[in-house]
Amino acid sequence: KNQAKLNIATVGYGGMGTYHVHGLIPAESDYLQVVGTYDIDMDRKEVAEETGTYVYPSFEAILDDQEVDAILIATPNDSHKDLAIRSMQAGKHVICEKPVAMNTQEFDEMLAVAKETGQVLMVHQNRRWDPDFLQVKEIFDQRQAIGDVFQIESRVHGANGIPGDWRHLKAHGGGMVLDWGIHLFDQLLWLVDSPIKSVNADLSYILGDEVDDGFMAYITFENGIRALVEVGTSNFVSLPRWYIKGNQGTAIIEDWEMNGRIVKVTGNAVENKPSPIRAGVGLTKTMAPPVDGVTETLPLPEIQTVDTSFYKNFYDVVVHGAEPIVKNEQVRQVMQLIDSILK
Ligand code: NAD
(Lines give C-alpha, C1' and ligand atoms only; values in the text may rest on other atoms or scores of the structure.)
Protein backbone atom coordinates (compact mmCIF):
# COMPACT_ATOMS: atom_id res chain seq x y z
CA LYS A 1 0.00 0.00 0.00
CA ASN A 2 1.48 3.34 -0.99
CA GLN A 3 -0.03 6.35 0.60
CA ALA A 4 1.01 9.56 2.28
CA LYS A 5 -0.30 8.83 5.75
CA LEU A 6 -1.52 5.85 7.71
CA ASN A 7 -4.87 6.20 9.45
CA ILE A 8 -4.70 5.01 13.02
CA ALA A 9 -7.52 4.26 15.43
CA THR A 10 -6.70 3.68 19.07
CA VAL A 11 -8.35 1.29 21.48
CA GLY A 12 -8.18 2.48 25.09
CA TYR A 13 -8.34 6.17 25.85
CA GLY A 14 -6.73 6.07 29.28
CA GLY A 15 -3.35 7.46 30.33
CA MET A 16 -1.29 6.07 27.48
CA GLY A 17 -4.06 6.13 24.86
CA THR A 18 -4.50 9.86 25.46
CA TYR A 19 -0.76 10.42 25.14
CA HIS A 20 -0.72 8.59 21.80
CA VAL A 21 -3.74 10.47 20.46
CA HIS A 22 -2.73 13.97 21.54
CA GLY A 23 1.04 13.78 21.93
CA LEU A 24 2.92 11.05 20.12
CA ILE A 25 0.96 10.54 16.89
CA PRO A 26 0.37 14.28 16.14
CA ALA A 27 4.14 14.73 16.50
CA GLU A 28 4.51 12.32 13.56
CA SER A 29 1.84 13.95 11.41
CA ASP A 30 3.87 13.54 8.22
CA TYR A 31 3.22 9.81 8.35
CA LEU A 32 0.35 9.09 10.68
CA GLN A 33 -2.99 10.51 11.67
CA VAL A 34 -5.51 9.57 14.33
CA VAL A 35 -8.95 8.91 12.91
CA GLY A 36 -10.68 8.01 16.15
CA THR A 37 -10.66 6.08 19.38
CA TYR A 38 -12.73 3.60 21.33
CA ASP A 39 -12.88 2.96 25.08
CA ILE A 40 -15.28 0.70 27.00
CA ASP A 41 -15.61 3.32 29.74
CA MET A 42 -18.39 5.90 29.17
CA ASP A 43 -16.47 8.59 31.07
CA ARG A 44 -13.41 8.15 28.90
CA LYS A 45 -15.56 8.33 25.75
CA GLU A 46 -16.95 11.64 26.92
CA VAL A 47 -13.48 12.99 27.64
CA ALA A 48 -12.35 11.92 24.15
CA GLU A 49 -15.34 13.65 22.53
CA GLU A 50 -14.72 16.80 24.53
CA THR A 51 -11.20 16.96 23.09
CA GLY A 52 -12.59 16.68 19.58
CA THR A 53 -11.53 13.07 19.00
CA TYR A 54 -13.98 10.94 17.01
CA VAL A 55 -15.28 8.13 19.21
CA TYR A 56 -16.25 4.85 17.57
CA PRO A 57 -19.43 3.26 18.98
CA SER A 58 -17.68 -0.13 19.37
CA PHE A 59 -14.44 -1.96 18.71
CA GLU A 60 -16.20 -3.75 15.83
CA ALA A 61 -16.93 -0.37 14.26
CA ILE A 62 -13.17 0.23 14.02
CA LEU A 63 -12.67 -3.20 12.46
CA ASP A 64 -15.40 -2.42 9.90
CA ASP A 65 -14.00 1.00 8.98
CA GLN A 66 -12.22 0.62 5.65
CA GLU A 67 -10.39 3.90 6.26
CA VAL A 68 -8.50 2.48 9.25
CA ASP A 69 -5.06 1.11 8.31
CA ALA A 70 -3.76 0.34 11.77
CA ILE A 71 -5.06 -0.10 15.30
CA LEU A 72 -3.08 1.03 18.32
CA ILE A 73 -3.88 -0.98 21.44
CA ALA A 74 -3.48 0.87 24.74
CA THR A 75 -5.70 -1.13 27.09
CA PRO A 76 -4.82 -3.21 30.19
CA ASN A 77 -2.37 -6.02 29.47
CA ASP A 78 -4.79 -8.96 29.60
CA SER A 79 -6.82 -7.59 26.68
CA HIS A 80 -3.94 -7.09 24.21
CA LYS A 81 -3.97 -10.58 22.74
CA ASP A 82 -7.63 -10.74 21.73
CA LEU A 83 -7.77 -7.15 20.49
CA ALA A 84 -4.61 -7.61 18.43
CA ILE A 85 -5.73 -10.91 16.93
CA ARG A 86 -9.16 -9.55 15.98
CA SER A 87 -7.53 -6.45 14.48
CA MET A 88 -5.16 -8.44 12.30
CA GLN A 89 -7.93 -10.82 11.23
CA ALA A 90 -9.93 -7.77 10.11
CA GLY A 91 -7.00 -6.71 7.90
CA LYS A 92 -5.54 -4.04 10.20
CA HIS A 93 -1.92 -3.56 11.17
CA VAL A 94 -1.28 -3.33 14.91
CA ILE A 95 0.81 -1.25 17.25
CA CYS A 96 0.50 -2.90 20.65
CA GLU A 97 1.46 -1.35 23.93
CA LYS A 98 3.95 -3.14 26.15
CA PRO A 99 3.90 -5.74 27.57
CA VAL A 100 2.63 -7.19 24.31
CA ALA A 101 0.89 -10.00 26.21
CA MET A 102 0.67 -11.73 29.57
CA ASN A 103 3.23 -14.38 28.60
CA THR A 104 5.11 -15.96 25.69
CA GLN A 105 2.31 -18.40 24.92
CA GLU A 106 -0.13 -15.56 24.30
CA PHE A 107 2.42 -13.72 22.18
CA ASP A 108 2.98 -16.86 20.10
CA GLU A 109 -0.75 -16.95 19.31
CA MET A 110 -0.51 -13.32 18.18
CA LEU A 111 2.56 -14.05 16.07
CA ALA A 112 0.79 -16.96 14.38
CA VAL A 113 -2.04 -14.63 13.33
CA ALA A 114 0.42 -12.00 12.13
CA LYS A 115 2.04 -14.65 9.95
CA GLU A 116 -1.29 -16.00 8.69
CA THR A 117 -2.71 -12.58 7.81
CA GLY A 118 0.50 -10.86 6.73
CA GLN A 119 -0.39 -7.84 8.91
CA VAL A 120 2.34 -5.92 10.73
CA LEU A 121 2.41 -6.38 14.51
CA MET A 122 4.82 -4.01 16.29
CA VAL A 123 5.23 -3.53 20.02
CA HIS A 124 5.66 -0.05 21.46
CA GLN A 125 8.97 -0.60 23.26
CA ASN A 126 9.49 3.16 23.26
CA ARG A 127 12.18 3.24 25.94
CA ARG A 128 14.76 2.11 23.42
CA TRP A 129 14.65 5.77 22.40
CA ASP A 130 15.15 7.14 25.95
CA PRO A 131 18.11 9.55 25.91
CA ASP A 132 19.61 8.05 29.09
CA PHE A 133 19.50 4.61 27.49
CA LEU A 134 21.04 5.91 24.24
CA GLN A 135 23.82 7.33 26.39
CA VAL A 136 24.40 3.91 27.93
CA LYS A 137 24.35 2.33 24.47
CA GLU A 138 26.96 4.85 23.33
CA ILE A 139 29.20 4.05 26.31
CA PHE A 140 28.68 0.33 25.76
CA ASP A 141 29.17 0.25 21.97
CA GLN A 142 31.98 2.79 21.60
CA ARG A 143 34.24 1.19 24.23
CA GLN A 144 36.62 4.17 24.45
CA ALA A 145 34.51 5.76 27.21
CA ILE A 146 35.12 3.16 29.95
CA GLY A 147 36.59 0.26 27.99
CA ASP A 148 34.80 -3.08 27.86
CA VAL A 149 31.68 -3.00 30.00
CA PHE A 150 31.41 -5.97 32.34
CA GLN A 151 28.65 -4.90 34.71
CA ILE A 152 25.43 -2.95 34.23
CA GLU A 153 23.05 -1.81 36.94
CA SER A 154 19.72 -0.46 35.69
CA ARG A 155 17.23 0.86 38.21
CA VAL A 156 14.02 2.82 38.49
CA HIS A 157 12.94 3.86 41.95
CA GLY A 158 9.65 5.49 42.87
CA ALA A 159 7.93 6.22 46.16
CA ASN A 160 4.31 6.25 45.00
CA GLY A 161 3.45 2.56 45.24
CA ILE A 162 1.56 1.16 42.24
CA PRO A 163 -0.69 3.78 40.65
CA GLY A 164 -4.10 3.14 39.09
CA ASP A 165 -6.49 0.22 39.39
CA TRP A 166 -5.77 -2.73 37.10
CA ARG A 167 -2.01 -2.59 37.78
CA HIS A 168 -2.75 -4.06 41.24
CA LEU A 169 -4.48 -7.11 39.82
CA LYS A 170 -2.99 -10.34 38.56
CA ALA A 171 -5.86 -11.04 36.17
CA HIS A 172 -5.15 -7.81 34.27
CA GLY A 173 -1.40 -8.40 34.12
CA GLY A 174 -0.51 -6.02 36.94
CA GLY A 175 2.74 -5.84 38.85
CA MET A 176 6.06 -4.18 38.22
CA VAL A 177 7.81 -7.04 36.40
CA LEU A 178 5.29 -6.71 33.58
CA ASP A 179 4.94 -2.94 33.83
CA TRP A 180 8.51 -1.64 34.21
CA GLY A 181 10.54 -4.84 34.01
CA ILE A 182 9.52 -5.22 30.38
CA HIS A 183 11.13 -1.85 29.52
CA LEU A 184 14.34 -2.44 31.44
CA PHE A 185 14.80 -5.99 30.13
CA ASP A 186 14.04 -4.85 26.58
CA GLN A 187 16.77 -2.23 26.87
CA LEU A 188 19.20 -4.69 28.44
CA LEU A 189 18.74 -7.47 25.89
CA TRP A 190 19.04 -4.98 23.05
CA LEU A 191 22.29 -3.71 24.57
CA VAL A 192 23.96 -7.01 25.38
CA ASP A 193 24.05 -9.19 22.30
CA SER A 194 24.66 -12.50 24.03
CA PRO A 195 22.51 -15.41 25.21
CA ILE A 196 21.41 -15.32 28.86
CA LYS A 197 23.29 -17.79 31.04
CA SER A 198 21.44 -17.44 34.33
CA VAL A 199 18.63 -15.47 35.96
CA ASN A 200 18.01 -14.94 39.65
CA ALA A 201 15.13 -12.77 40.75
CA ASP A 202 13.38 -11.75 43.94
CA LEU A 203 10.00 -10.03 43.80
CA SER A 204 8.76 -7.67 46.53
CA TYR A 205 5.29 -7.44 48.05
CA ILE A 206 5.73 -4.49 50.43
CA LEU A 207 2.34 -2.97 49.56
CA GLY A 208 0.50 -6.20 50.26
CA ASP A 209 -0.91 -6.49 46.73
CA GLU A 210 -1.38 -9.82 44.96
CA VAL A 211 1.15 -8.63 42.36
CA ASP A 212 4.79 -7.67 42.79
CA ASP A 213 5.45 -4.00 43.59
CA GLY A 214 9.10 -4.29 42.60
CA PHE A 215 11.90 -6.75 42.08
CA MET A 216 15.60 -7.34 41.83
CA ALA A 217 16.89 -9.51 39.01
CA TYR A 218 20.48 -10.60 38.52
CA ILE A 219 21.25 -11.77 35.01
CA THR A 220 24.46 -13.24 33.67
CA PHE A 221 25.19 -13.51 29.97
CA GLU A 222 27.26 -16.11 28.10
CA ASN A 223 29.81 -13.42 27.18
CA GLY A 224 30.53 -12.76 30.87
CA ILE A 225 28.55 -9.52 31.28
CA ARG A 226 26.46 -9.23 34.42
CA ALA A 227 23.41 -7.09 35.01
CA LEU A 228 21.40 -6.07 38.02
CA VAL A 229 17.92 -4.81 37.17
CA GLU A 230 15.85 -3.28 39.95
CA VAL A 231 12.41 -1.71 40.18
CA GLY A 232 11.14 -0.27 43.44
CA THR A 233 7.97 1.60 44.34
CA SER A 234 8.67 2.21 48.04
CA ASN A 235 11.99 4.03 47.58
CA PHE A 236 11.97 7.44 49.23
CA VAL A 237 15.59 7.91 48.28
CA SER A 238 16.44 6.85 44.73
CA LEU A 239 19.64 5.20 43.60
CA PRO A 240 21.04 6.30 40.22
CA ARG A 241 19.21 5.21 37.06
CA TRP A 242 22.41 3.57 35.67
CA TYR A 243 25.73 2.43 37.15
CA ILE A 244 28.09 0.88 34.63
CA LYS A 245 31.52 -0.61 35.13
CA GLY A 246 34.09 -1.16 32.41
CA ASN A 247 37.73 -2.28 32.55
CA GLN A 248 38.80 1.35 31.93
CA GLY A 249 36.38 3.25 34.13
CA THR A 250 32.97 3.66 35.69
CA ALA A 251 29.95 5.61 34.44
CA ILE A 252 27.02 6.86 36.44
CA ILE A 253 23.81 8.33 35.05
CA GLU A 254 21.72 9.70 37.87
CA ASP A 255 18.39 10.37 36.22
CA TRP A 256 16.34 10.90 33.05
CA GLU A 257 17.86 14.37 32.71
CA MET A 258 21.18 12.60 32.28
CA ASN A 259 23.06 14.14 35.14
CA GLY A 260 26.10 11.99 35.55
CA ARG A 261 29.79 11.48 34.91
CA ILE A 262 32.49 9.11 33.88
CA VAL A 263 35.58 8.42 35.91
CA LYS A 264 38.19 7.00 33.58
CA VAL A 265 41.44 5.26 34.37
CA THR A 266 44.49 7.16 33.09
CA GLY A 267 47.27 5.45 35.05
CA ASN A 268 47.93 2.31 37.02
CA ALA A 269 46.11 2.59 40.36
CA VAL A 270 47.95 -0.39 41.89
CA GLU A 271 51.48 0.67 40.87
CA ASN A 272 50.84 4.16 42.20
CA LYS A 273 50.49 2.69 45.68
CA PRO A 274 47.63 4.45 47.47
CA SER A 275 48.28 5.32 51.11
CA PRO A 276 46.05 3.73 53.70
CA ILE A 277 43.15 5.87 54.92
CA ARG A 278 41.15 5.68 58.08
CA ALA A 279 37.70 4.40 57.24
CA GLY A 280 35.27 4.17 60.12
CA VAL A 281 37.31 2.78 62.98
CA GLY A 282 39.53 0.82 60.62
CA LEU A 283 42.39 1.37 58.21
CA THR A 284 42.28 0.52 54.49
CA LYS A 285 44.36 0.78 51.35
CA THR A 286 41.88 -1.19 49.26
CA MET A 287 39.11 1.39 49.66
CA ALA A 288 41.31 4.48 49.60
CA PRO A 289 40.57 6.85 46.69
CA PRO A 290 42.91 6.41 43.72
CA VAL A 291 46.00 8.66 43.95
CA ASP A 292 46.07 11.89 41.92
CA GLY A 293 46.67 11.47 38.21
CA VAL A 294 45.45 7.90 38.05
CA THR A 295 41.89 8.80 37.06
CA GLU A 296 40.12 11.68 35.36
CA THR A 297 36.50 12.75 35.62
CA LEU A 298 34.75 13.36 32.31
CA PRO A 299 31.28 14.40 31.24
CA LEU A 300 29.01 11.76 29.73
CA PRO A 301 29.61 11.36 25.98
CA GLU A 302 27.43 13.05 23.38
CA ILE A 303 24.67 10.74 22.27
CA GLN A 304 24.27 9.84 18.65
CA THR A 305 20.99 11.18 17.32
CA VAL A 306 18.51 8.54 16.27
CA ASP A 307 17.05 9.45 12.92
CA THR A 308 14.12 7.05 12.91
CA SER A 309 11.38 7.24 15.51
CA PHE A 310 9.27 4.27 16.50
CA TYR A 311 6.35 5.62 14.47
CA LYS A 312 8.35 6.48 11.35
CA ASN A 313 9.77 2.98 11.48
CA PHE A 314 6.25 1.51 11.81
CA TYR A 315 5.21 3.54 8.76
CA ASP A 316 8.25 2.35 6.80
CA VAL A 317 7.59 -1.27 7.77
CA VAL A 318 3.95 -1.07 6.65
CA VAL A 319 4.40 1.05 3.53
CA HIS A 320 7.90 0.16 2.32
CA GLY A 321 8.45 -3.26 3.88
CA ALA A 322 11.37 -1.92 5.96
CA GLU A 323 13.01 -3.89 8.76
CA PRO A 324 11.32 -3.22 12.13
CA ILE A 325 13.57 -1.73 14.82
CA VAL A 326 11.57 -3.45 17.56
CA LYS A 327 11.70 -6.99 16.23
CA ASN A 328 9.17 -9.56 17.36
CA GLU A 329 11.84 -12.17 18.04
CA GLN A 330 13.46 -9.69 20.47
CA VAL A 331 10.11 -9.02 22.12
CA ARG A 332 9.66 -12.77 22.43
CA GLN A 333 13.03 -13.17 24.17
CA VAL A 334 12.09 -10.49 26.69
CA MET A 335 8.72 -12.19 27.23
CA GLN A 336 10.50 -15.50 27.87
CA LEU A 337 12.78 -13.85 30.41
CA ILE A 338 9.73 -12.39 32.13
CA ASP A 339 8.01 -15.79 32.14
CA SER A 340 10.98 -17.28 33.96
CA ILE A 341 11.17 -14.40 36.44
CA LEU A 342 7.46 -14.65 37.28
CA LYS A 343 7.81 -18.42 37.64
P1 NAD B 1 -5.29 3.17 31.84
O2 NAD B 1 -6.01 2.38 32.86
O3 NAD B 1 -4.99 4.61 32.10
O4 NAD B 1 -6.11 3.12 30.46
C5 NAD B 1 -6.64 1.94 29.94
C6 NAD B 1 -7.94 2.29 29.22
O7 NAD B 1 -8.39 1.14 28.50
C8 NAD B 1 -9.07 2.68 30.19
O9 NAD B 1 -9.62 3.93 29.82
C10 NAD B 1 -10.10 1.54 30.02
O11 NAD B 1 -11.44 1.96 30.16
C12 NAD B 1 -9.81 1.06 28.62
N13 NAD B 1 -10.19 -0.31 28.32
C14 NAD B 1 -10.05 -1.41 29.11
N15 NAD B 1 -10.44 -2.50 28.44
C16 NAD B 1 -10.84 -2.10 27.21
C17 NAD B 1 -11.35 -2.77 26.08
N18 NAD B 1 -11.52 -4.08 26.07
N19 NAD B 1 -11.66 -2.02 24.99
C20 NAD B 1 -11.49 -0.70 24.98
N21 NAD B 1 -11.01 0.00 26.02
C22 NAD B 1 -10.69 -0.70 27.13
O23 NAD B 1 -3.97 2.37 31.51
P24 NAD B 1 -2.66 2.95 30.78
O25 NAD B 1 -1.72 3.40 31.80
O26 NAD B 1 -3.06 3.85 29.70
O27 NAD B 1 -2.08 1.59 30.17
C28 NAD B 1 -2.61 1.03 28.97
C29 NAD B 1 -1.52 0.19 28.30
O30 NAD B 1 -0.45 1.06 27.93
C31 NAD B 1 -0.91 -0.88 29.19
O32 NAD B 1 -0.63 -2.02 28.42
C33 NAD B 1 0.37 -0.25 29.70
O34 NAD B 1 1.36 -1.19 30.04
C35 NAD B 1 0.77 0.60 28.51
N36 NAD B 1 1.62 1.77 28.85
C37 NAD B 1 2.75 1.97 28.15
C38 NAD B 1 3.58 3.03 28.44
C39 NAD B 1 4.82 3.24 27.64
O40 NAD B 1 5.61 4.13 27.97
N41 NAD B 1 5.03 2.51 26.57
C42 NAD B 1 3.23 3.90 29.48
C43 NAD B 1 2.05 3.68 30.18
C44 NAD B 1 1.25 2.60 29.86
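Remember, predicted model here, so these are calculated numbers, not experimental data.

Engineer: Tell me about the layout of surface pockets, and name the residues and values.
Structural biologist: Looking at the largest pocket, its volume works out to about 1,200 Å³. In terms of lining, the largest pocket is formed by 44 residues, of which the most central are Gly15, Met16, Trp166, Arg167 and Asp179. Of all elements in the fold, only helix H1 (15-24), helix H4 (80-89), strand S6 (149-157), helix H7 (176-191) and strand S9 (226-232) reach the threshold of two or more residues within the lining of the largest pocket. Of the residues contributing to the lining of the largest pocket, the split by class is 17 nonpolar, 16 polar and eleven charged.

Engineer: Give a detailed account of a negative patch on the surface, specifying residues and quantitative values.
Structural biologist: Together, Asp41, Asp43, Glu46, Glu49 and Glu50 line one region of the surface with negative charge. Along the polypeptide, Glu49 turns up in helix H2 (residues 42-50).

Engineer: Go over the nonpolar core with me, naming the residues and quoting the values.
Structural biologist: Grouped together as the largest cluster of nonpolar side chains are 87 residues, with contacts concentrated most on Val100, Met110, Ile152, Phe185 and Phe314. The biggest single contributor to this core is H7, with ten residues. Every residue in contact with Phe185, bar those within four places of it in the chain, is listed here: Phe215, Ala217, Ile219, Val229, Val334, Leu337, Ile338 and Ile341.

Engineer: How would you summarise the packing of aromatic side chains if you had to cite specific residues and measurements?
Structural biologist: Taken as a whole and judged by the stated rule, the model has eight aromatic pairs. Consider the rings of Tyr31 and Tyr315, whose centres lie 5.4 Å apart with planes at 45°: the pair is tilted. Taken together, the residues span a long stretch of sequence, with Tyr31 in the loop between H1 and strand S2 (32-38) and Tyr315 in helix H8 (residues 310-320) at a distance of 284 residues. With relative accessibility at 22%, the residue Tyr31 sits in the partly exposed group. Through a chain of ring-to-ring contacts, the aromatic side chains of Trp129, Phe310 and Tyr311 assemble into a single cluster.

Engineer: Please give an account of the packing of helix H5 (residues 104-117) against helix H9 (residues 328-342) that cites residues and values.
Structural biologist: Between H5 and H9, whose axes approach to 9 Å, the crossing angle comes to 160°. Our classification of the angle between H5 and H9 gives roughly antiparallel. Here Thr104, Phe107, Asp108 and Leu111 of H5 come into contact with H9, specifically with Asn328, Val331, Arg332, Met335, Gln336 and Asp339. The residue inventory of the contact of H5 with H9, partitioned by class, reads four nonpolar, three polar and three charged.

What counts as what
Residues numbered from 1 in each chain as written. Predicted model: local features only at pLDDT ≥ 70, side-chain atom pairs only at ≥ 80, totals over all residues. Heavy atoms only, no water. 1 Å grid on protein atoms, 1.4 Å probe; cavity = no way out; pocket = protein on both sides within 12 Å on 5 of 7 lines; lining within 4 Å. Points joined across faces, edges and corners; volume = space filled by probe spheres on them. Helix = DSSP H or I, 4+ residues; strand = E, 2+ residues; numbered from the N terminus. Nonpolar A, V, L, I, M, F, W, Y, C, P; charged D, E, K, R; others polar. Patch = residues over 30% accessible without salt bridge, like charges linked within 9 Å, V, L, I, M, F, W, Y side chains within 5 Å. Areas by Shrake-Rupley, 256 points an atom, 1.4 Å probe, with all protein chains shown as cover. Salt bridge = Lys/Arg side-chain N within 4 Å of Asp/Glu carboxyl O. Lys, Arg positive; Asp, Glu negative; His and termini not counted. Charge placed at Lys NZ, Arg CZ, Asp CG, Glu CD. Core = buried A, V, L, I, M, F, W, Y, C linked by side-chain atoms within 4.5 Å. Buried < 20%, exposed > 50% of the residue type's maximum accessible area, 1.4 Å probe, protein only. Contact = heavy atoms within 4.5 Å. Phe/Tyr/Trp six-rings, centres within 6.5 Å; stacked < 30°, edge-to-face > 60°. Axes fitted to C-alpha atoms, helices over the stretch in contact; angles between N-to-C directions. Parallel < 35°, antiparallel > 145°, perpendicular 65-115°, else oblique.

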